[in-house]
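Chain by chain, the residues run as shown.
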Amino acid sequence: MAMEVRRRVPPPHGGAAPSGHPRRRPAASAAGGEGGERVRVQAGDALPLPIRHTNLIFSALFAASLVYLMRRWREKIRASTPLHVVSLAEIFAICGLVASLIYLLSFFGIAFVQSVVSNSDDEEDYIIDSSRRAQAPPPPAPAPCALLGNPAAAPEKMPEEDEEIVAAVVAGKIPSYVLETRLGDCRRAAGIRKEALRRITGREMDGLPLDGFDYASILGQCCELPVGYVQLPVGVAGPLLLDGRRLYVPMATTEGCLVASTNRGFKAIAESGGASSVVLRDGMTRAPAVRFPSARRAAELKGFLENPANFDTLATVFNMSSRFGRLQGVKCAMAGRNLYMRFTCSTGDAMGMNMVSKGVQNVLDYLQDDFPDMDVVSISGNFCSDKKSAAVNWIEGRGKSVVCEAVIKEEVVKKVLKTNVQAVVELNVIKNLAGSAVAGALGGFNAHASNIVTAIFIATGQDPAQNVESSQCITMLEAINDGKDLHISVTMPSIEVGTVGGGTQLASQSACLDLLGVKGANRESPGSNARLLATVVAGAVLAGELSLISAQAAGHLVQSHMKYNRSSRDMSKAAEEADRPKKC
């Protein structure tokens, strides 16, 4: 049992302890401790061994003695031996049982009594010290951080040790990237790095905050060489009524009108009965590039990989690297004597790039035995295709392929969206379909899907660069029920999201995932949290498309942006004007 450290009210500054209360030694701590902290003396402090060791010894003695005596008692009953006839070993066992029982009862009993007594002692200390608090001078204000880079707030001189380290970094004697390892304090390393950068560049960087962030949480996985963090507002739109769930969607953005517009789309969907979604595919891809002496040899490996008879062997080798990574298929493409192998695998609740890469490496090592002339050029040959707009993702899919749809009632189109069904259907054809075709768009047959995708990605800790392929979307609108109601759908073949790993473990991003109910891995159904997050992204895109297309059809887009993108403090009036019917 660890020693308990209790905070007590310190005696008057510079004075003696109150009468009847001897001064206790200050409690030591990693940060230097506070003068007012005092260690509460435990009864176990008098023991020759640490308290946790003695607890373990007597607990083991109690258990061993009890088990031994129970077995001997059972043997005596079976042999009809009198119970009062005991051997020397049994005497020792009885003594051990009694001694350990007395120790354990005494230990826990004393701890309980001491906690009651010390609580009373704390109250007495507080009463005595409170009576003298008015006479004591105020404690000195805490010194401002020496490394914030603000000359007005910083003290005249940095700590001598930190000053020497900063000077060494500026002079190039200590590489900046080794500070965390050498100092063992991520916050201190970031502060020293920021101060060194200020001296090198001559820029103060006053607006870049340093304190208030857990730098240890990003070490080795999210960001290198940190000097601070960027503040980004997070808005919440909702509720999104999707597949029978009511969800509130966090969106991190600096674009005015985006959250409000998406929220209006959610309102229209909810008042029409909600939206529904379906996940068509779920598989992350990685495509290494290899080179052979001839195209014929490359074709031989292509035939081997695409032969169904060899799939089980490849899957066994691939799946060795992960509990959740399971090979789904391999497709190959050739360019001369270069072969590109596109592996697709399930990845559970992780986005899965590292998972699939490890599996691919296993297969490459395995193939090297039968194809020794294979030269691995790169673990990624861009046939994957990651963080780039590519037809292979649009056609074959990558990550989660999702379709989301809703039927918007005619009265909702008029009341909430301030337009009519025919106008939005016509605009979608001319703008999102024909206009995007004229522009030669690849997966860009939508109004602004990337707006919503990126905002949700940043809020939930996804890789923002993967909004490139994740935003590929085709928006379809058509009039149904004799032209009265509006059917809207978005088809997104490559939403790349995860709920574990990467930035999802950071405190703010983890809180946003928790808001959606998809934080971490789903142990009952691995992968279901990530799939739900993908459907939320698609549902939010559906709402954003519905709202923006309606605004453009009604001619409200410029008016809305002038309203929400300006520094208007009275947002209640702005909201009222947004809901007010306008002349078209």
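Residues numbered from 1 in each chain as written. Predicted model: local features only at pLDDT ≥ 70, side-chain atom pairs only at ≥ 80, totals over all residues. Heavy atoms only, no water.

What about the overall build of the chain?
Looking only at helices and strands, one finds 18 helices and 13 strands in the chain. A burial count over the chain gives 41% of its 584 residues as buried. Considering only contacts within the chain whose residues lie at least 6 apart along the sequence, 70% involve residues at least 24 apart. Split by element, the accessible area of the chain, about 30800 Å² in all, is 58% carbon and sulfur. (Helix = DSSP H or I, 4+ residues; strand = E, 2+ residues; numbered from the N terminus. Buried < 20%, exposed > 50% of the residue type's maximum accessible area, 1.4 Å probe, protein only. Contact = heavy atoms within 4.5 Å. Areas by Shrake-Rupley, 256 points an atom, 1.4 Å probe, with all protein chains shown as cover.)

Re the environment of D386
Looking at where D386 falls in the secondary structure, it is placed in the loop between β9 (375-378) and α10 (391-396). Take D386: its relative accessible area is 13%, and that puts it in the buried class. With 102 residues separating them along the chain, D386 and M284 place their C-alpha atoms 9.9 Å apart. Not counting residues within four places of it along the chain, the set of residues in contact with D386 comprises M353, R398, Q466, E469 and E496. At a separation of 3.0 Å, a polar atom in the side chain of D386 contacts the side chain of R398. At a separation of 2.9 Å, a polar atom in the side chain of D386 contacts the side chain of Q466. (Polar contact = N/O pair within 3.5 Å; in protein donor to acceptor, adjacent residues only side chain to side chain.)

Concerning the nonpolar core
One finds M251, I408, L486 and V541 to be the most contacted residues of the largest nonpolar core, which totals 54 residues. No other element matches helix α16 (residues 528-554), which puts 13 residues into this core. The residues touching V541, leaving out its near neighbours within four places in the chain, are A449, I452, V453, C473, V490 and M492. Judged by nonpolar contacts, the second largest core, of 25 residues, contains C345, V356, V360 and M374. (Core = buried A, V, L, I, M, F, W, Y, C linked by side-chain atoms within 4.5 Å.)

Here we look at the pairing of strand β7 (residues 326-335)
Here nine bridges tie β7 to strand β8 (residues 338-346), and the two strands are oriented antiparallel to one another. Residue pairing across strands places L327 opposite C345, the latter belonging to β8. Hairpin connection between β7 and β8: a loop of two residues separates the two successive antiparallel strands, and G336 in this loop has a positive phi of roughly 65°. (Pairing = 2+ DSSP bridges.)

Examining the pairing of strand β4 (residues 245-252)
By the bridge criterion, seven bridges tie strand β3 (residues 234-242) to β4 in an arrangement that is antiparallel. If you follow L240 over to β4, its bridge partner there is L247. With antiparallel pairing between neighbouring strands as the criterion, β3 and β4 make up a hairpin whose turn holds two residues, including D243 at a positive phi of roughly 55°.

Topic: the pattern of salt bridges
Following the criterion strictly, the structure yields 22 salt bridges and no others. Residues E75 and R72 are paired through a salt bridge, measuring 2.7 Å at the closest nitrogen-oxygen approach. One end of the pair is E75 and the other is R72, both in helix α1 (residues 51-79) and three residues apart, which spans about a single turn. Residue E75 is classed as partly exposed on the basis of its relative accessible area, which comes to 42%. (Salt bridge = Lys/Arg side-chain N within 4 Å of Asp/Glu carboxyl O.)

What to know about the environment of R187
When you line up the elements, R187 lands in helix α5 (residues 186-201). Look at R187 and you get partly exposed, because its relative accessible area is 24%. Separated by 29 residues in sequence, R187 and A216 place their C-alpha atoms 7.6 Å apart. Separated by 2.6 Å, the side chains of R187 and D211 make a polar contact.

A look at a nonpolar patch on the surface
A cluster of nonpolar side chains, namely V86, L88, I91, F92, I94, V98 and I102, defines an oily patch on the protein surface of about 650 Å² accessible area. For F92, the location among the structural elements is in helix α2 (residues 88-133). (Patch = residues over 30% accessible without salt bridge, like charges linked within 9 Å, V, L, I, M, F, W, Y side chains within 5 Å.)

Let's talk about the layout of surface pockets
Quantified by volume, the largest pocket comes out at close to 1400 Å³. Along the walls of the largest pocket sit 48 residues, with C222, G461, G503, L506 and Q509 positioned nearest its centre. Counting only elements with at least two residues in the lining of the largest pocket, the list comes to α9 (353-370), α13 (449-460) and α15 (507-516). Within the lining of the largest pocket, the residues separate by chemical class into 24 nonpolar, 17 polar and seven charged. (1 Å grid on protein atoms, 1.4 Å probe; cavity = no way out; pocket = protein on both sides within 12 Å on 5 of 7 lines; lining within 4 Å. Points joined across faces, edges and corners; volume = space filled by probe spheres on them. Nonpolar A, V, L, I, M, F, W, Y, C, P; charged D, E, K, R; others polar.)

Some thoughts on the packing of aromatic side chains
Centre distance and the angle of the planes are the two values used to describe a pair of aromatic rings. Counted according to the given criterion, the structure contains six aromatic pairs. Between the aromatic rings of F213 and Y215, the centroid separation amounts to 5.2 Å while the plane-to-plane angle is 65°, which identifies the pairing as edge-to-face. Given the relative accessible area of 2%, Y215 is considered buried. Ring plane angle 15° and centroid distance 6.3 Å describe the contact between F318 and F343, whose orientation is recorded as stacked. Highlighted residues: F318 in helix α8 (residues 311-318) and F343 in strand β8, separated in sequence by 25 residues. Given the relative accessible area of 0%, F343 is considered buried. Taken together through their ring pairs, the aromatic side chains of F213, Y215 and Y229 make up a single cluster. (Phe/Tyr/Trp six-rings, centres within 6.5 Å; stacked < 30°, edge-to-face > 60°.)

As for the side chain of K418
Along the chain, K418 falls in the loop between α11 (410-415) and α12 (421-438). Judged by relative accessible area, which is 10%, K418 ranks as buried.

Thoughts on the confidence of the model for the chain
Chain-level statistics for the chain give a pLDDT mean of 83 and a share of 77% at 70 or above. Counting interchain partners and residues more than four positions distant, the pLDDT-below-50 stretch residues 114-136 has 34 contacts. (pLDDT = per-residue confidence, 0-100.)

Comments concerning helix α3 (residues 160-170)
When α3 is considered as a whole, its buried residues turn out to be D162, I165, V166, A168 and V169. Taken around the axis of α3, the buried residues stretch over an arc of 160°, which confines them to a single face. The exposed set on the far side of α3, more than 90 degrees from its buried face, consists of E160 and E164. Contacts from the buried residues of α3 go to α4 (179-183) and α5. One or two positions beyond α3, positive phi appears at G172, with a value near 85°. (Arc of directions from axis to C-beta.)

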